[in-house]
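# Overview (structure and organization)
One-letter residues, chain by chain:
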Amino acid sequence: MTEFDLILAVLLIAGFALLGALITLGNARQARAIREVGEVLHRWAIRHIQLSRAVAASAIQIEDPIAWLQEALARFPLPEGLVRELAPERRGPGWVLLRSRSGKLLLIRPEIDPTPLERGSRFTSPVLPKGSLRKARVLELSPVTAWPTFDLELSQAWRRWFPEDPPPDRVRLLIWPEGAELGSS
């Protein structure tokens, strides 16, 4: 190998290294630009959702929380007749027990443990029969599982039920059809 071949090989390796460095820098700039575009799109989407929810919030008027709940539950596949003629049966801090012609529903804040409601305690009357929590069907109602403005509507309905209690952004609904043999409550 001659001196010229050696210089040519070094120049060739240096050229490939320079080309690799330029490609790496270009890829890094392109990746940064793509991240920035993604962040801008994300901020725009968040702002768009906030604006559409603000417009929707101004239009929401919940006068009768029971009628709203019946309308909301009619969107879910529940047993026939369960959401008709709902009537509040008992109410406690963070929960409402409702009765219909064909069953019972317990609407409860997600952070509340329903077990004391089943057992009864000196703070709550025994609302649910023993063993009923194991037999209940549970639905989580939130903007993710229901519809995008569910939490805004729930907030207004909750303030009607519990004016002193801050409204939750989601609730759990425990459902017992009338046919479920739970004993007397």
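Not measured: the values here are computed from a predicted model. Residue numbering note: each chain is counted from 1, following its sequence as written. Local features in a predicted model are, by the rule used here, given only for residues with pLDDT of at least 70; side-chain atom pairs are given and counted only at 80 or more, and totals for whole chains, interfaces and linings are based on all residues. Note that water and hydrogens are dropped before the side-chain values are worked out from all heavy atoms of the structure.

## Topic: the pattern of salt bridges
- Between Lys or Arg on one side and Asp or Glu on the other, a salt bridge is scored when a side-chain nitrogen of the former is within 4 Å of a carboxyl oxygen of the latter. Going through the model one piece at a time under the given rule, you end up with five salt bridges.
- The shortest N-O distance in the salt bridge between arginine 160 and glutamate 63 comes to 3.2 Å. Of the two residues, arginine 160 sits in helix α5 (residues 150-161) while glutamate 63 sits in the loop between α1 (3-59) and α2 (65-73), which places them 97 residues apart along the sequence.
- The classification of residues rests on relative accessible area computed with a 1.4 Å probe and restricted to protein chains. Under 20% of the type maximum is buried, over 50% is exposed, and intermediate values are partly exposed. In this structure glutamate 63 comes out as exposed when scored by relative accessible area, which is 56%.
- A salt bridge links arginine 109 to aspartate 165; the shortest N-O distance between them is 3.5 Å. Highlighted residues: arginine 109 in the loop between β3 (103-108) and α3 (115-119) and aspartate 165 in the loop between α5 and β5 (171-177), separated in sequence by 56 residues. The residues arginine 109 and aspartate 165 share a single accessibility class, namely buried.
- Three or more residues joined by partner-sharing salt bridges are found here, namely Arg109, Glu111 and Asp165. Numbering goes from the N terminus for both helices and strands, where a helix is a DSSP run of H or I of at least four residues and a strand is a run of E of at least two.

## Observations concerning the confidence of the model for the chain
- How sure the predictor is of each residue is captured by pLDDT, a score from 0 to 100. Of the residues in the chain, 92% have a pLDDT of 70 or more, and the chain-wide mean is 83.
- By mean pLDDT, α3 is the weakest element of the chain at 77, and α1 is the strongest at 89.
- Residues count as neighbours in contact if any of their non-hydrogen atoms are within 4.5 Å of one another. Across residues 181-185, where pLDDT falls below 50, the model places 14 contacts with residues more than four positions away in sequence or in other chains.

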